[in-house]
Amino acid sequence: MQESNLNNTQAPVNYNRPVIYFLLLWTALNVLQAATLEIHADEAYYWMYSRFLDWGYYDHPPMVALFIKAGYSLMHNEFGLRLFTVLSSSISLYLIWLMLKKYKVSAKAFILVIPGIFVFHIYGFTTTPDVPLLLFTTLFFFFYQQYAERDSWPLALILALIVAGLLYSKYHGVLVVGFTLLSNLKLLKRPSFWGIVILAVAFYAPHILWQVNHDYPSIKYHLSERSAETYDFSYSYQYPLGQLVMAGPLIGWFLFYKSFTVRIKDTFMRTLLVNSIGILLFFFLTSFKGEVQLHWTLIVYVPICMLVLIHFAQSGWPTWFNRLAIVNMALIVTLRLLIVWGPSFIMEVGAIRSFFGFKDWAKTVRDKAGDNYVIFCEGFQNPSKYNFYNNTVKGLNYDARYYRRTQYDIWPIDDSIQHKKAYLVMEDRIPGVTPDTIKTPVGNWYAGWVNNVRTYQKIDFKPSSYKVTASPGQRLTFDLSFKNTYSFPINFGNGPGEPPVYLEACFFENSDLVNTQKASDSFYHIALQPGQTTPYKFTLTAPLKKGRYDLLFSLRTEPFAGGRNSGMITFTVK
C-alpha cells in the first residue's frame, strides 16, 4: 500500500490558515441551509421549549431551549433558531483542530477527514439537543487534555461547568464522563477530581429537582416507554451499518479501521480510544432493548476523528484515500445543496419532507382557525410547526392512548383550553367531527370545531404494580391513585352540555388495541380540588386469550380518542 509522503514536521508555520479557510466555507454552507430551509418538526418542538423555559422537559434537559432562546431573541425566523447551531458547529471543529495540533496533524488530513463525517453535517444547521451536546463534548475533551497533564483547580472548575453542560444537553453525555474516568482511574486520587464531581452535581441539582417534582418523566420515558415491546434483530444488524453511513458513506469503514489501530502513546489518546469503543458498544447493547437512532452516537465521532488524524500523523495515509475522501465530501455537499434547492424527488424523502411546505400549511390552518386554539392528534410535530410559523402557543398536541406522552402534557396549554371552542385538525377524516377539508402544499387535512373542549391530559393514574399475571377471564381489582395537577377543581361527573368522560382500561397486543373496559359508575362521583389526591379501585376482566399484553388506563372525552393516563402495565395471561 503506497503511503503519502506528508511529513507534518515540515509543515509551514502558517499551516493554520487552510483550516481557517475551510471553517469559513463550512460556516457559509451551514448559514445557507440554516437561513433558507423551513423549520424541521423536531426543531419546532424545541422552539416550543424556548417559549416555556424550565429546568427540564419531558424528553430532554433544557440546554437546547437556551440555544434557541438566545438566537431567536436576535432574529425571529429559522436562522435565528439555528444561529447558535451554526456557531457551535464551527467552534467544535476548531477545538478539535486545536487538540490535534499537539500531535502534528496536517491541515490537509484534517480537511479531508472532518467534512467527510456525515453526522457533523447534519448538526451543522439543524437545532436539536445534539448540538449543545457536541459542543460540550469537544469542550470537555479540550480542557480534559490539559487536566490530564496538569492537576489544576481552575481547570477542575471549568470541567465541572462543562460536565454540567453535557448533562444539561443530553443525558447520554454521562457516557463521555464515565468512559473518561474508566480510561484513567488515577483521577480518583486527585482531590480536584472529587471537586469536579461535587460541583457538577451542584450545578445540575436544579434539573434533578425538576425531575423529582414532576415524578421523573424523563427517566420513565427513556428507560421504559422507549423500549420495544419485542426484540427485532434488525435493530442490532442495522446499527453498525448505520454507523458506517454516519461516519461517511464512502470512507466510514476506513475511519473506523484507522481509529482502532492507532498506536496509543499517552493518557489522552487512551481516553479517546476508550470513549470510542465504550460509546459504540453501549449503543450496540442498547439495540437489544429497542431501536437505536443513528444520531445517538454523535459524540463518538469526536474521539474517532481525532484518533484517525493522529494515526495519519503517525504513519501517513494511502494516496487513494485522497480521491475517495474528495468524492465522499462531494456527495455529501451535493446532497446538502439539493436540499436547499428542493427538487421534487428530494422533497419526497423521509425526514427531508419536513423541511418543505409546512410554512404555508401553518398559515392556511390559521386562516381557518383564526385566533382560536387548534388541537392536533398526530404527535408533537404538527402543533409545534403551527405554533412556530404563527408565533403562538395556541396549538396543542393531544397525546392519544395509541401514541406516547410529550411535553405538551406538562405545559399549561391544556389548562387554558378547557371548556373553550377549538379547531380540531386531523390527517384523516372523522365523519361528523371533521367536515372541513383544508388543501395545503403538504396534502389535504380534515378539521372541525369542538365547541366545548374537555380533556384530562395531565391526570396520571398510578397502579400499585406494573407487572400483573392472571388467568384467562380472571376478575382483578387495581388499586389506583391519582392527583389533580390542574390549577382548578375537576369533576368527572357528566353534567348537562358536557362532553361525556370515560375511564377505560385498554389492553394492547403488539401495539394493537384489543380490549377496552369501562370503569364503574362510582368514578363519576369523583371531584378533586387542585393538588388533591384520591385512590380509586378499578375492577376489570383479564383477556380470554393467553399471552402478553400491555395495559394502560385512559380518560376519554368525546370526540377524542382517549389519553395516555398511566404508565404501561405488563399484563400476562397464563
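Residues numbered from 1 in each chain as written. Predicted model: local features only at pLDDT ≥ 70, side-chain atom pairs only at ≥ 80, totals over all residues. Heavy atoms only, no water.

Asks: Even after reading the chapter, I still don't get the overall build of the protein, so can you show me in this structure?
Replies: Along the backbone of the protein there are 20 helices and 15 strands. For a compact globule of 574 residues, the expected C-alpha radius of gyration is about 25 Å, and the protein comes in at 26 Å, within 12% of that figure. If one aligns the C-alpha atoms of the protein with their principal axes, the spans along those axes are about 85 × 55 × 45 Å. Considering the protein as a whole, with its 574 residues, one finds that 55% of them fall into the buried category. The contacts in the protein between residues at least 6 apart in sequence include a share of 75% that link residues at least 24 apart. (Helix = DSSP H or I, 4+ residues; strand = E, 2+ residues; numbered from the N terminus. Rg over C-alpha atoms; globule rule 2.2 N^0.38 Å. Buried < 20%, exposed > 50% of the residue type's maximum accessible area, 1.4 Å probe, protein only. Contact = heavy atoms within 4.5 Å.)

Asks: Please clarify how the sheet that holds strand E13 (residues 533-541) should be interpreted in this entry.
Replies: Within a sheet, each strand pairs with its neighbour through backbone hydrogen bonds, oriented either parallel or antiparallel. Taken in spatial order, the three strands line up as E6-E8-E13 in an open sheet, and their pairing is antiparallel. The open sheet has two edge strands, strand E6 (462-463) and E13, and neither has a second partner. Relative to strand E8 (residues 475-483), E6 runs antiparallel, the two being bridged by two bridges. Following the sheet pairing, Lys462 is matched in E8 by Ser481. (Pairing = 2+ DSSP bridges.)

Asks: Where do I start with the nonpolar core in this structure?
Replies: For soluble globular proteins, the rule of thumb is that nonpolar side chains tend to be buried together. In terms of nonpolar packing, the biggest core is built from 91 residues, with Phe120, Met306 and Phe321 touching the most fellow members. No other element matches the 13 residues that helix H7 (residues 130-149) contributes to this core. In this view, Phe321 contacts Leu112, Val113, Ile251, Phe254, Leu255 and Phe312; residues no more than four positions away in its chain are not counted. Of all hydrophobic cores here, the second largest spans 46 residues; its members include Tyr45, Tyr72, Phe380 and Phe560. (Core = buried A, V, L, I, M, F, W, Y, C linked by side-chain atoms within 4.5 Å.)

Asks: Quick question: what am I supposed to make of helix H14 (residues 267-286) here?
Replies: A turn of α-helix holds 3.6 residues, and therefore any two residues three or four places apart point the same way. Between its terminal C-alpha atoms H14 stretches 28 Å, which fits the 28 Å expected from 20 residues at 1.5 Å a residue. Residues Phe268, Met269, Thr271, Leu272, Leu273, Asn275, Ser276, Gly278, Ile279, Leu280 and Phe283 constitute the buried set of H14. In the core, the buried residues of H14 are packed alongside helix H4 (78-100), H7, helix H9 (174-183), helix H12 (233-247), helix H13 (252-260) and helix H15 (301-315). Where H14 begins, one side-chain oxygen reaches toward the backbone nitrogen of Phe268, 3.2 Å away; that side chain belongs to Asp266. (Expected span 1.5 Å × (residues − 1). Polar contact = N/O pair within 3.5 Å; in protein donor to acceptor, adjacent residues only side chain to side chain.)

Asks: Is there a simple way to explain the sheet that holds strand E4 (residues 436-440) in this structure?
Replies: Taken in spatial order, the five strands line up as E2-E1-E3-E5-E4 in an open sheet, and their pairing is mixed. On the outer flanks of this sheet lie strand E2 (395-397) and E4, each paired with one strand and no other. Adjacent strand axes in the sheet meet at a mean angle of 30°, parallel and antiparallel pairs treated alike. Along the sheet, helix H18 (residues 358-369) contacts strand E1 (373-376), strand E3 (422-426), E4 and strand E5 (443-450); its crossing angle with E4, the most-contacted strand, is approximately 150°. (Axes fitted to C-alpha atoms, helices over the stretch in contact; angles between N-to-C directions.)

Asks: How do you make sense of the packing of aromatic side chains when you look at a structure like this?
Replies: Any two aromatic rings considered together are summarised by their centre-to-centre distance and by the angle between their planes. According to the stated counting rule, one finds 61 aromatic pairs in the structure shown. Look at Tyr45 and Tyr408: their rings are 6.2 Å apart centre to centre, the planes differ by 15°, and that puts the pair in the stacked class. Within this pair, whereas Tyr45 is found in helix H2 (residues 41-51), its partner Tyr408 is found in the loop between E2 and helix H20 (413-416), the two being separated by 363 residues in sequence. A single burial state applies to Tyr45 and to Tyr408, both of which are buried. Here the aromatic rings of Phe282 and Phe283 are separated by 5.1 Å at their centres, their planes lie at 85°, and the arrangement is edge-to-face. Judged by relative accessible area, which is 36%, Phe282 ranks as partly exposed. Residue classification places Phe283 among the buried positions, given a relative accessible area of 3%. Above the ring of Tyr147, the side-chain terminus of Arg190 is found at 4.6 Å from the ring centroid. Just above the ring of Tyr502 sits the side chain of Lys518; from NZ or CZ to the centre is 5.4 Å. (Phe/Tyr/Trp six-rings, centres within 6.5 Å; stacked < 30°, edge-to-face > 60°. Lys NZ or Arg CZ within 6 Å of the ring centre and 35° of its normal.)

Asks: Which parts of the structure should I look at to understand H4?
Replies: Helix length check: H4 (23 residues) gives 34 Å between terminal C-alpha atoms against 33 Å at 1.5 Å per residue, within 8%. Of all bends in H4, the biggest is about 30°, found at Phe84. Its side-chain oxygen at 3.2 Å from the backbone nitrogen of Phe79, Asn77 defines the N-terminal cap of H4. (Bend = angle between axes of the 7 residues up to and from the residue.)

Asks: Can you walk me through the side chain of Ser183 in this structure?
Replies: Assignment of secondary structure puts Ser183 in helix H9. One polar contact links the side chain of Ser183 to the main-chain carbonyl oxygen of Thr180, over a distance of 2.7 Å. Of the polar contacts made by the side chain of Ser183, one reaches the side chain of Thr271; its length is 2.9 Å. Leaving out residues up to four positions away in the same chain, Ser183 has contacts with Arg270, Thr271 and Val274.

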